[in-house]
Every structure is written in structure tokens, then in C-alpha cells.
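A closer look at the structure
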Amino acid sequence: MHRRVFVKNSAFALVTMGLSPSFLRRTALGAELPGAPKGKVLICLFQRGAADALNVLVPHGDRAYYQLRPDIAIAQPARSAGAAGAIDLDGFFGLHPALAPLKPLWDRGLLAPIHAVGSPSATRSHFDAQDYMESATPDNKGTSDGWLNRYLAAEGTCEQCKITPFRAVAMTPQTPRVLQGSAPVVAMNSVAEFTVRSGGTQAEQLEALYRTGSADLIHDAGTGMFEAVKMLRAADPQRYQPEHDAAYPNSQFGQRLRSIAQLIKAGVGLEVAFADVGGWDTHVNQGGATGQLAQRLEDFGASIAALVTDLGDRMEDVVILTMSEFGRTTRQNGNGGTDHGHAGAMFMIGGAVEGGRVHGRWPGLAPEQLYEGRDLALTTDFRAVFAEVASRHLGATNLAAIFPGYTPGPMPGMVG
Amino acid sequence: MYRLPIILAVLAAGCSQAPRRLGTPVPDARGFAVRSQTADQQVAHALSRLTFGARPGDAQLVREMGVDRWIDEQLHPERIDDARSDAWVDQFEVVTKTSTQLEAEYQNPGALVNLLGAKAKGGLTPEDSAQLRAARQNFRRIGEEVQESHVGRALQTERQLQEVMTDFWLNHFTVFAGKGVREQYYLAEYENQVIRPHALGKFRDLLGAVAKSPAMLFYLDNWESAADSGRPRLMPVNQPGASGGQAPRARPVAAPAPPQRRARGGLNENYGRELLELHTLGVDGGYTQQDVISAARALTGWTIAGPRQGGGFVFTSSMHDAGEKRLLGHTLRPGRGIEDGEELLDIVARHPNTARFIAFKLARRFVSDTPSPALVERAAATFLRTEGDIREVVRTIVTSPEFFSREAYRAKLKTPFEVVLSALRAVNAQPDQTPRTAQLIGSLGQPYLGHQTPNGWPETAEGWLGTGAILNRINFGLLMAAGRVPGANPMSFPGIDAVRTAPREQQVDAVVTAFLGGDASSVTRSVLVTGKNPLLDPNVSVDPTAPPRTEPKMVPDVPISAPSGARPPPRPGQARAIAPLPPLTGLAQLAGLALGSPEFQRR
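Residues numbered from 1 in each chain as written. Chains lettered and ligands numbered in written order. Predicted model: local features only at pLDDT ≥ 70, side-chain atom pairs only at ≥ 80, totals over all residues. Heavy atoms only, no water.

Residue and element names in this part refer to chain B. For helix α2 (residues 39-50), with 12 residues, the first-to-last C-alpha span of 16 Å sits near the 16 Å given by 1.5 Å per residue. With nine of 12 residues buried, α2 is to be regarded as a mostly interior element. For α2, the full list of buried residues reads Gln-41, Gln-42, Val-43, His-45, Ala-46, Leu-47, Ser-48, Arg-49 and Leu-50. Lining the buried residues of α2 we find α3 (58-65), α4 (67-75), α10 (160-172), α17 (352-366) and α19 (390-398). (Helix = DSSP H or I, 4+ residues; strand = E, 2+ residues; numbered from the N terminus. Expected span 1.5 Å × (residues − 1). Buried < 20%, exposed > 50% of the residue type's maximum accessible area, 1.4 Å probe, protein only. Contact = heavy atoms within 4.5 Å.)

This is the structure we're talking about:
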């Protein structure tokens, strides 16, 4: 922890450089942005509640799929007129029709889905499974920090952490499990909210209370906070205009992704961002091409597509990774929904990903191919995906520290 | 920029690890013969540590009574009349009912889903959906009422130390409200029947109550922990019902039928491990992985009865591993049942490492983030001498010279809960009958029983001082000063009428008395009086000893919206656009500064 040092240095930077939003790029220390030699950014998006992967990334080429889900299956692309069927990707898999905004990303080679991926743990508890996915230590409840924080701590250097408070940002009310740990993280609801709520002289007076007086932990934290607020104010978030006509949904999720884009463009040294979205626990009436799940996916897909559009060429250095704690039962249940299952699906999106191809090995949906006779079997440990994005995208060199107890197998090859 | 030389010096020092402490460390107790705080400081200090913040008039009361007599009174909550607070809390149904009653009366929406689905194939009718919505809303009230009663009691109770200790143990033995739907039923009972009655009692009683609480059994999975196959049982495994969790008829134990039991049985070490690591011995408490397994085996069969068996704790012998267990140098004899777990709790409750660990945590709660080893040793000795009498351990700590040392004065950072409660108490706020105040505490980063992992909320300053956290605290102060916190009128503190039109300096005195215990740094006072940022005005001295140079000017008071007009704080997780607060002027502005000041963050 070197927050004290950061505070002093950033104050120094402000004095010497003024409030240019990109002052960090030219810092007098000669240090680059955090993670920044590469300037790479990872955005992790968590679908809390266990998204029904079989209706998100639809195996329309697997006949068993339609037998298992007579009422809620997504129709095959060819057999449907217009939007009601799956959007074909490779002749076997397709996207849920509500994910139409992601199709252009596939066509441009930016979208790399992976199927039958997840946690080797057998748990079907949301709590335990989210815990395991965020700590990245399946079946070990003794891990107190999250894997993203371990990345920050393991790969962070003193130079990095003192330059920006915004190296890791969670667009959530509280720091999520995946970012908890020793490395500093900022949690916020939005960029616009990251400000002193009473402007003008009152904010200045409050700043004076923290900037003067004894130098201790509280004053340091307060001073660092005011620096951080100024960094963002310099980026003028209130007047932010998304680029390339990107249209974010007016949902909480959409607005949070918009905030992440703002931070990336503000040049405040963002390296790891996180947001989550709920509503995936579709035990009842989940619907098919339309309905409950379709509505969630509409928001999900449109938000991500807007983010990609907004970031434009910056996507060369950005990877978006989506995840959910487990998949759902292959069979529909008596309530037109699905129950807690096992393996699921993830999306990786970015300029440097091996897009235009569905990754992972498909285990099949025949009775004998199912996990415990009911769920999609697992063919890729989620840590293989995390490890790949950490090493090949972010440049992590110490995977053993980030994924304790995990012996990396072959990487799925999703990052180019 | 007057900080520049420091900055450059730090730059030159590079990445050296500066020690990060909130205040100066407390030296060895041998350094103190007497209390080094002034009499006024002792009063303010005791109030700030043994309560959730002084109310108007409290300091006067403690001064008249004498600090030591007042502490002794607080150590005996049973001698303090608390009828008014109790009556208020009792209006909440969930507080007066058992978890079994709650399960019966507040239908689990998930169970209703299954029920409705079973009768209507293929989807729910609009009526079903309406019923489901109502059930969900009804169910949500459980969690809301628990939180409302928790905040309201902390605000009003005269038994403040008991409540501080309840807060301490709720965190030491934390459970996570979001563990699953069932946890919601158990929370009120956990706080009100398991924790609070033992908060100043015997540690062994508290530990036993926690071990048998559905809240903990569910949170740390012990309810489904059973003997591994091949382990000796008290009855043959192939006896009808034995492996399925059904006790044979002849045995007078209730059969558990908790829903969603996992298909695969076997030992679950989760509670056994945390019992040793977090609840008793401490992480370096000298136990091995074998001890963890032995503890978990000793506790097999400690589970939750099904609703038809009355819910609550039950020992199910068919789940119990009856083999011999070796643990921490002790041997638990084979062929026993619930006695295994009881003996395990006896062993760890009187272990010297437990005494030291609990003494350390209590000293850290009451004295400083880095309590002196000498004080911890004395408190641990009290623990062992009194067989874990929590009241006496706390007494040792809060009457010690270390407690009343200058180094300990304002050395602790308030938690978000303490920030909000101390602000509310400073203005004698009315308890909130809505979940809004609890949600506000959550948005400051400390939702009720909202810590996912069993290590609980941070107990030192460092864990609470992220960049976003201090911003939230400052914004809370502004919200409060603007009259937007339910039940709290910031302009109702004693003496306000006398200073409404008084010179600024007198107003500052009144605000500092009301919110900062009458004690603000000269820098803070200077900023409050001048309303200027000394950094921006080279003419304003920041010399702590220099008097402010600007003449105080008269500022008319600003009308504050009534608490009833307060806007609800946003629910956590809800999209919100935060409009800037109206500019605060006069006394409200001073209150906002005081509540946002570094001093207010400390206790």
C-alpha cells in the first residue's frame, strides 16, 4: 500500500501539469500509465443469478436441445421467419434473437463466445458459486480476496499504484468480491456521482479540512479523494457525449457501461473495470424468443454493443469478458423455467480476441453426456479463460499468485 | 503550493513504505501511571467508545455521575431501564417472533413458485403472478424490519455498551444476509436471541448459542455436514432412514427435513475451520488441518430441524461421526453424540489462544488499531481468570490507563454504521420507521450483515478508507446537514436558538460542541470560521496557533426542510441520478463541514 505516496505525487502532478485530463500520460516521473505500457483494459461483466447459457448461446444444431426444451427452446435460424429464431453464428450455435446487437461484433471478428465453461465445483448454490468464481478458488471458501485484486496486487508496482486511484474501478455500490483485497479499488455508482454533492465553496472548504492539518491516514485518504474527484472533473463527465452514435440503454447496466467508457476515455489510467447485472435466475416463465430472459438479454446485448461502438478504435486495447456463476438445467421445468445447473457460457469481446469462432469443446446434450444426468457438462475450467485474459491480454506474469492451487492447462486460445 | 517541499521529499524517498497509522501507537502500559487524558477528554472519550455517539446532554450527565460510575453502569445493562427503546422495537413483528414462526407466516417466494407451478402446468396465471408479487413484497419486509429495528435500537437504547457489544459480536460471528432465502428468516432471532443476551455474558454461552443458531448453521454449511461414509456411526448406516437424515423411531431426536439437501452427503469443514480460525483461536492460533477436520467431525449432526419438527437447532445422531477424534491435544472418546461438539466448544472456549485473540480484538475495538501487547495480556488474563466473562474483559480494557491515554483519544476510525448513528444521536434524531436509514448505511459501504465472507467488516481504519469511502462519508454529512436524512433535523441541537443570529465564531463554537464533542483542531476551526480554503488564500494563516484573520461575518440561517420532506436515499443497486444538494449556508453549512470533517470520522 502506497496511498500516501500516490497522494503526494498526484498533487505534484496537478501543480506541474495543470488539470489536463491526460496529464498522466506525460507525468514527470516518466512512468507510463498503469498497466499502461500496454494501455490494456479488461472489463469484467457478471450476470448474477445464473444465466441460462443454452438459450443465450443456442446449440441449435444439437437435436437433443429441442427435445429437452419443448416450450422454451429458441427456434432454429432456418426454420423461423425473421427475428423469432436463433441468429446463426457457425451453423451449430446461434445467438438468442434478443442479442442481435452483438451479431455485427461477431461479423467483425470481435466476439469470441465459449461454451460449456464454468466452475469444476459441483455446487448449485448461487452464493457459493459466485464466491468461487470471484475468488477463482472453487470449493475453497478460505480465500479472502478476489482474483482481479490478486492480479492488481501481483502485477502492480509502486509506480503504478501511486499514479492513479482509478486503476481498478467497480461500477457497483460496494467493492465486489472479485475486486476485494490488498490493492486499492474504487467503487462508484457512476462517474457523475463521484463528486462532492454540494459544490462551490462548501466543497473547497471540505477539501481544506483534509489538505491541512496533520498528515495521517484520514487526511491522506481525503486528499487522495479530492484529487480523484478533480481528475474526473477535468474529464468533464457531466457533458460526456458517447461517440459514433452509440446508444446506451437507459438501464442501470447500460448507464454503468457508459460510465466505464467515460473513465477509459478520460485517460485516468483505468486498467480493470467491473460491473454486474441481475435478473438471470429464471425459474419461472423464462420465455423463449420473447419474454423474461429475452428482456434481460436485450438490455445486456444493447449495452455491450453501445460500449463497443462508443469505444471505437480503443477496442484494440480493451477486452470485455462476461460471466455467470453457473448454467441452468438442460430440461425446462414445470414452471416454464429452468433450475440451477452446471456449465455455462462466456463472451469475450475485443479487438485482440480470436473472434468469429465459438470456443470450447461441446460436450453434447444426449442423456449420457449430461452432468449428473441433468446439466451441461463442463469442458473448460473458467480459470483457463481468466488465466488467458490475465496473461495474454493484461500481461500478467505471475499466474500462480493470481490462481492459487490451479495448474493452468492449455489456454482456450481466445486472446490473439 | 506549500506542500511542495514535502511532496518532493516523498518523491525522493521513492517507494518507501511509510508506516500507516491513524494515530501514534500506544506505548507499553508501563509508560502510564495515570490517565493522560484531561477530565473533559475522558468524558468525551468514554462516550465515543462505549456508545454510538453522545446525545445532547450526555457529556453533562457523565461528568456529574463520574466517568467510572457511568462505565460501571454501562457494564451492567440489566440495571438500566430501557423500556422506551424496548417498546419501540417491539412494534416490529419479526423481532418478537421465532424463525419458525416467520417461516410459517412469511411464505418463501421460491416455495410458492414451486407450489403454483405444480398446480398449473406450463406457466402462471395473472392471479398466480399477483400472489407471487405479494409474497415477495411480504417476504422483503422481514429483512427491512430487522434492519429498521437494529438501527432504531442502536439510536435509542440506554444500554449503549450492550448494543456496541452486540455490534461487535455480530461482526465477530458474522453471517451473510444474502447467503440464501432461508438466511432471512434467521437474522432477527440471531441478533435478538443469540447475540444480544450474551453480549456481555460468558464467552462459552455465546459460542454455544451461535453454534446452535440456524443463522450460523446455515451460513457456514454445518447443517448439511454429515459423517463421511465409512465412519463409525451411532447406528448402522443401512438402517432405514439412517443415511437419509431420518432418525430411527426409537430415538427421541427430531428428524430434519430441510429443503434442498444436497444429494451427496459427507463432511463439510466450513464451520469447523472458521470456528477455530475466526471465532476462537485466531488464524495463528496453533491448530492444524487435522484439528479442523476433527472439529468438523465433532460437529456433524448439528443441524436445523425441518419446519414440522419445529425448526431450530437439532442434533441428528444419524448424521454424526461417532469415531474417536483427536483435537488440540485432547481426545474425544468414540461412541458419543452431541457431547462431542459440546466438549469441542469447551476446549476452544477456555484455550489461552482464544483468550488472547478475543482480548486483542476487544482492545482493538475499544482502544486503538494497534493495542499495546501489555493491555492485551492483562485482558487475556482476565478472560482466563473469569472463565471467559466478557463483561470483566471489557472492564479491564475500558478502565485501563491505555484506554484513557492521550494516544487513544480519537484514535479509532468510525465505521459507516458509527458515522450515521453518531450523527443521528448528536441531533437526537427520531428513529426511522422506514428502511431508508438502513439503506443509507448500506450505501456508505456497510449493509446490515452484508459481509459475504466470514471474516466480517474491517475493524481497523485502513479497511475503511478507500477513495470512494471518504467521499461517501463527506456526502453523507452534506445530506444530513441539508435535512435529507429521515428523522434527523440538523438544526435542532441544543443551544442553536442562542446562536442563530450570533457572530460566526459563536456559531462555530455551538456546532463544534454539538457534532465534534467541543473539540476541533485549530485548522478545522479556522476553516469553519473563515469559510476559506487556506491553501487557496496566501493571506490566511494555517499556523495552528494563529488566530483566524478574517472578521467573522453574520450569516442568516437557512430554513431546513422538515424531515418528513426528506427524500429517500437511493436503494443500493438502484440506478440513481444524484442531483447536487442546494448550496448550504449559515449554520447548515457549518454543520455540513463539521459532519464532513476529519474529526467527525474519528471516535
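Now that the structure is up, let's keep going.
Attention now goes to the packing of α10(B) against α17(B). Residues and elements named next belong to chain B. Remark: α10 packs on α17, axes separated minimally by 12 Å, with the N-to-C direction vectors making an angle of 125 degrees. In terms of orientation, α10 and α17 fall into the oblique class. Crossing of α10 over α17 shows right-handed handedness. On the side of α10, the interface is formed by Leu-161, Val-164, Met-165, Phe-168, Trp-169 and His-172, while α17 contributes Phe-357, Ile-358, Lys-361, Leu-362, Arg-365 and Phe-366. Here the contact of α10 with α17 is composed, by residue class, of nine nonpolar, one polar and two charged. (Axes fitted to C-alpha atoms, helices over the stretch in contact; angles between N-to-C directions. Parallel < 35°, antiparallel > 145°, perpendicular 65-115°, else oblique. Left-handed = near helix turned anticlockwise from the far one by under 90°. Nonpolar A, V, L, I, M, F, W, Y, C, P; charged D, E, K, R; others polar.)

This paragraph deals with the sheet that holds strand β5 (residues 111-118) of chain A. Residues and elements named next belong to chain A. If you walk across this open sheet you meet the eight strands as β7-β6-β8-β1-β9-β10-β5-β11, and the pairing is mixed. Each end of this open sheet is capped by a strand with a single partner; those strands are β7 (186-187) and β11 (380-381). As defined by bridge partners, strand β6 (residues 168-170) adjoins strand β8 (residues 272-277) across three bridges and the pair is classed as parallel. Paired with Ala-168 across the bridge in β8 is Val-272. Sitting on the sheet, helix α10 (residues 252-266) is in contact with β1 (41-47), β6, β8 and β9 (318-324), with an inclination near 175 degrees to β8. (Pairing = 2+ DSSP bridges.)

This next bit is on unusual backbone geometry. Residue and element names in this part refer to chain B. Positive phi, close to 50 degrees, is recorded for Leu-328, a residue that is not glycine. Locating Leu-328 in the fold gives a position in the loop between β3 (325-327) and β4 (330-332). The phi dihedral of Leu-449 falls on the positive side, at around 45 degrees, and the residue is not glycine. Mapped onto the elements of the fold, Leu-449 is located in the loop between α21 (436-443) and α22 (467-481).

Glancing now at the packing of aromatic side chains. Overall, the coordinates contain 28 aromatic pairs over all chains when judged by the stated rule. Three or more aromatic residues joined by ring pairs form one cluster here, namely A:Trp147, A:Phe382, A:Phe386, A:Phe403 and A:Tyr406. The residue whose ring lies beneath A:Arg296 is A:Trp280, and the NZ or CZ to ring-centre distance is 5.7 Å. Positioned above the aromatic ring of B:Phe366 is the side chain of B:Arg365, whose terminal nitrogen or guanidinium carbon lies 5.1 Å from the ring centre. (Phe/Tyr/Trp six-rings, centres within 6.5 Å; stacked < 30°, edge-to-face > 60°. Lys NZ or Arg CZ within 6 Å of the ring centre and 35° of its normal.)

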